[in-house]
Amino acid sequence: TGKAITLGATKQVAVQVRAELLEQLYGSSRQYALTHDAGEYHDRVMSHVDRVDAATPTLLTNLLPSAALSVGMLGLLVTSNPLLTLATLGLGGLYVLVNRRLIGRLQPRISAYHAEVERVSTGVWTSLRGQELARLQAAEEQDLAQRRRELERWREAAVRRGLANTTYQVWQQSMLASIGAVSLCVGGLLVADGTLSIGRLLAFYAGFALLRGPLGSTSGDIPFVLEGLEAAERVHELRLAIDEHPYRGTLPHDLRGGFELRGGTVDYGRGPVLADVSLEIAAGSATALVGPNGSGKSTIIGLVLGSRRPDRGEVLVDGRPFDLLDVRGLLRQMGVVAQEPPFFVGTIRENLGYGSGDVDDATLWEVLALAMAEEFVRALPDGLDTAIGDDAVLLSGGQR
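A few points on the structure. Computed from a prediction, not measured in an experiment: that's the story for all the values here.

**As for the pattern of salt bridges**
Thinking step 1. Under the criterion given, the structure shown has twelve salt bridges.
Thinking step 2. Between aspartate 385 and arginine 349 there is a salt bridge, with the nearest N and O atoms lying 2.9 Å from each other. On the criterion of sequence distance, the pair formed by aspartate 385 in the segment after α11 (374–379) and arginine 349 in helix α9 (residues 348–352) is long-range, its members being 36 residues apart.
Thinking step 3. One salt bridge connects glutamate 374 with arginine 378, and the closest N-O pair in it is separated by 2.8 Å. Of this pair, glutamate 374 and arginine 378 both sit in helix α11, four residues apart, which is roughly one turn of that helix.

Take a look at the structure:
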């Protein structure tokens, strides 16, 4: 029952952490989403949380109970024979010192190992996303060579971690055996001296054997828990690194379409893209932004969509500042065609209706007709239910 409760609680926490990380991602700025590695984020959300989840039951059901039992048994040993217990504790100090030094060597190797795991995971993600480019550039061998180098570094880090883990366990078991041997020798001298009966020595040694059990079990548990703690630190780093969405207003607004930028300045760290720019777009009007590459056209669109906040100045819609408004509510009232059309693995129906809830077929066909895509979709064997592959690779460029 206790195991079931612990497992249920830890699995629920893992689900909650993953859900909160994804929620935080959707609440982050567009700048963060564009500049941070998706493969690394995926690895931390999945693999690192999984390691924390796996280590938590070990901590709760093995390590902490073993520590409590060890303290209790040590109290009984003190009551049984203070002199023998003092001799045992003297060597116990050496045991603790060696233990700390070995853990100090083990921790950085665990960190280095997981850093290499992240690199391998990110590299595989990159290869999967860029395999078409690799084929077009005949760069398959170059890409594979890079992945092999990453895998080799991962192997070396795994060996170092494994050796440090084994060294820790062997030394811990050896120290416990040595402490037991010394206590037995000291007890034998006391028996020979007549200050201790053979019965009390056997009772003390039996108590020490019971103490050795929970201490010895930690030799396998501590490295496992260290793995979980290291993963928890990386998940925490991820949460601290995600910056918030630029707007947190909650006021609903019925969009009419009048936008205004007042004294907007945006600097990406290489000098201002926009410098004290003011712009007004009247409701019901058609406005085109014309200019050379890098002149700030996309930046202005980002400001209008609320995905970017000006470093100075403010953005208003229908005379109301974005700071007060529910920007997500505004986006639901807008139609946006991106420079690079985004697609996900699924069907044409799923991609067309994304974010719109249940959409009937008649509406989807109307949309396709407006986009001059109805003819080729109707000609497909499965029509709206045609799978398009990752990033719509199963469609031609024109069809996309």
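**Some words on the pairing of strand β2 (residues 272–281)**
Thinking step 1. Relative to β2, strand β1 (residues 259–267) runs antiparallel, the two being bridged by six bridges. The partner of valine 266 across the bridge, within β2, is leucine 274.

**Concerning the side chain of aspartate 318**
Thinking step 1. As for its placement among the helices and strands, aspartate 318 is situated in the loop between β3 (312–317) and β4 (320–321).
Thinking step 2. We note that aspartate 318 is buried and unpaired, the nearest opposite charge coming from arginine 256 at a distance of 4.3 Å.
Thinking step 3. Of the polar contacts made by the side chain of aspartate 318, one reaches the backbone nitrogen of arginine 256; its length is 2.9 Å.
Thinking step 4. From its side chain, aspartate 318 meets the backbone nitrogen of glycine 257 in a polar contact 3.3 Å long.

**Comments concerning empty space enclosed by the protein**
Thinking step 1. Taken as a whole, this structure holds one cavity of 30 Å³ or more when the rule is applied.
Thinking step 2. Of the volumes computed, that of the largest cavity is approximately 60 Å³.
Thinking step 3. Every residue along the wall of the largest cavity is listed here: Phe259, Glu260, Leu261, Leu279, Ile281, Ile300, Leu303, Val304 and Val315.
Thinking step 4. Among the secondary structure elements, those contributing two or more residues to the lining of the largest cavity are β1, β2 and α7 (297–305).

Parameters and conventions
- Residues numbered from 1 in each chain as written.
- Predicted model: local features only at pLDDT ≥ 70, side-chain atom pairs only at ≥ 80, totals over all residues.
- Heavy atoms only, no water.
- Salt bridge = Lys/Arg side-chain N within 4 Å of Asp/Glu carboxyl O.
- Helix = DSSP H or I, 4+ residues; strand = E, 2+ residues; numbered from the N terminus.
- Pairing = 2+ DSSP bridges.
- Buried < 20%, exposed > 50% of the residue type's maximum accessible area, 1.4 Å probe, protein only.
- Lys, Arg positive; Asp, Glu negative; His and termini not counted.
- Polar contact = N/O pair within 3.5 Å; in protein donor to acceptor, adjacent residues only side chain to side chain.
- 1 Å grid on protein atoms, 1.4 Å probe; cavity = no way out; pocket = protein on both sides within 12 Å on 5 of 7 lines; lining within 4 Å.
- Points joined across faces, edges and corners; volume = space filled by probe spheres on them.

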